[in-house]
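Per-entry structural report
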Amino acid sequence: MKRILTGLKPTGDLTLGNYLGAIKQMVNMQDEYDSILFVADLHALTIYQDPIELNERIRKFIAMYIACGIDPEKNTIYIQSENEFIPAMSYLLECTTTYGEASRMIQFKEKSKQNANFSVGLLTYPVLMAADILYCDCDYVPVGIDQKQHVELARNIAERFNNRYGETFTLPEPLLSETGTKIYDLKNPTKKMSKSEENPTGVISMFDDLETIASKIKGATTDSLNQVHFDPENQPGISNLLNIASSIANVPIAELEENFKGKGYGEFKKYVSEVVVNHISEIQKRYEEIINSDMLEKVLNKGIERSRELAKEKYELMKIKMGTTRKDLKKQDN
Ligand code: ATP
Ligand code: MG
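Worth saying up front: this structure is predicted, and the values here are computed from it rather than measured.

Closest axis-to-axis distance for the helix H4 (residues 85-94)/helix H13 (residues 295-322) pair is 9 Å, and the angle between their directions is 30°. Between H4 and H13, the angle falls in the class roughly parallel. The chirality of how H4 crosses H13 is left-handed. Residue-level contacts link Phe 85, Ile 86, Ala 88, Met 89, Leu 92 and Leu 93 of H4 to Arg 308, Ala 311, Lys 312, Lys 314, Tyr 315, Met 318, Lys 319 and Met 322 of H13. A breakdown of the residues in the contact of H4 with H13 according to their chemical character gives 10 nonpolar, no polar and 4 charged.

Put into structure tokens, the structure is as follows:
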């Protein structure tokens, strides 16, 4: 059985973009793949997080994953920081990564520009992400397009390690969904919807109350062309709404365009709003049941046990391959 893995960092409440770009893909694939899903709390720390808020979000993420349809029986679900082998592996991989490679990452370039006192962690986080991916030999990493470059870096690091020290890692591939790959901010539809965005008016949080979601969609930026047409270049706002509705309702974009031919943006937005509100409302109902149950403890205990087992084995193999072991490698048949 092929293996998939993905993680989301608790830097803010999960958004519709996270759901459509990453979580929904995992849900769609969980029957056919050995599926691993984690909360990337170590990644969140690259930018200062209020400890109490971060702590609360970690549990909210796990409950929200399950509410979104992630089946705990079919997935290994865990909190990244509970697996101490992953940062240890990350250091070994840092020594296999060039500074040039790490500093060329687009997210590093963008986020380091926003704050002159950026942390070293911001530079090395894609290597930690490589460790997240490589420890379990996963085949595919379902991500939004913004993370494609990081998965490719993981693949390059793995390839270099294998060439230098001998076969150690499976080479992973990013997996992008057809729609949902990139959901844009409703107010600023040329910018990705992000959970760490400070202005919430263009970001739909999975925790927003239903009226707020409806009013955010109503206030979404559109254009003056007055045609419901998919054209990201000239109509980024309308194209984004088409993408969202199509992903959630599982209706092809062309069919939506046809249904709204000759109709105004008001009517179209009302439809998008209904689709999104109904869907998120169901998810929120399940979330309330899960967060108030004792299920999370059990799910996390089971998940971390499996994750640690896999990571320990890979970490020890890496150390032997690199020569950092008490064993006398000349006497062994490695
Ligand atoms: P941050 O602003 O802190 O970077 P984020 O919303 O970008 O938060 P991440 O934790 O960085 O979320 O990413 C988690 C997953 O969600 C990744 O697979 C990423 O590709 C996907 N993702 C994030 N934003 C979007 C989006 N707007 N559309 C589609 N997928 C997205
Ligand atoms: Mg991000």
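Attention now goes to the side chain of Thr 6. Mapped onto the secondary structure, Thr 6 falls in strand E1 (residues 3-8). Within the structure, Thr 6 has its side chain in polar contact with the backbone oxygen of Pro 142 (distance 2.7 Å). When sequence neighbours within four positions are dropped, the list of residues in contact with Thr 6 reads Met 26, Ile 36, Leu 37, Phe 38, Val 141, Pro 142 and Val 143.

Moving on: the domain arrangement of the protein chain. Taken domain by domain, the protein chain holds domain 1 (3-176 + 295-333) and domain 2 (200-289). Computed from C-alpha coordinates alone, the two centres of domain 1 and domain 2 are separated by 31 Å. Regarding the contact of domain 1 and domain 2, the summed buried area is about 1,300 Å², with carbon and sulfur atoms giving 74% of it. Area buried by domain 1 at its contact with domain 2 is led by Leu 16, Met 64 and Ala 67, which between them contribute 42% of it. At the junction of domain 1 and domain 2, the tally comes to 5 residue pairs in polar contact (both at pLDDT 80 or more). Partitioned by chemical class, the residues of the side of domain 1 that touches domain 2 number 8 nonpolar, 1 polar and 3 charged.

So, how was this worked out
Residues numbered from 1 in each chain as written. Chains lettered and ligands numbered in written order. Predicted model: local features only at pLDDT ≥ 70, side-chain atom pairs only at ≥ 80, totals over all residues. Heavy atoms only, no water. Axes fitted to C-alpha atoms, helices over the stretch in contact; angles between N-to-C directions. Helix = DSSP H or I, 4+ residues; strand = E, 2+ residues; numbered from the N terminus. Parallel < 35°, antiparallel > 145°, perpendicular 65-115°, else oblique. Left-handed = near helix turned anticlockwise from the far one by under 90°. Contact = heavy atoms within 4.5 Å. Nonpolar A, V, L, I, M, F, W, Y, C, P; charged D, E, K, R; others polar. Polar contact = N/O pair within 3.5 Å; in protein donor to acceptor, adjacent residues only side chain to side chain. Domains from an automatic or database assignment. Buried area = accessible area lost by both parts, 1.4 Å probe.

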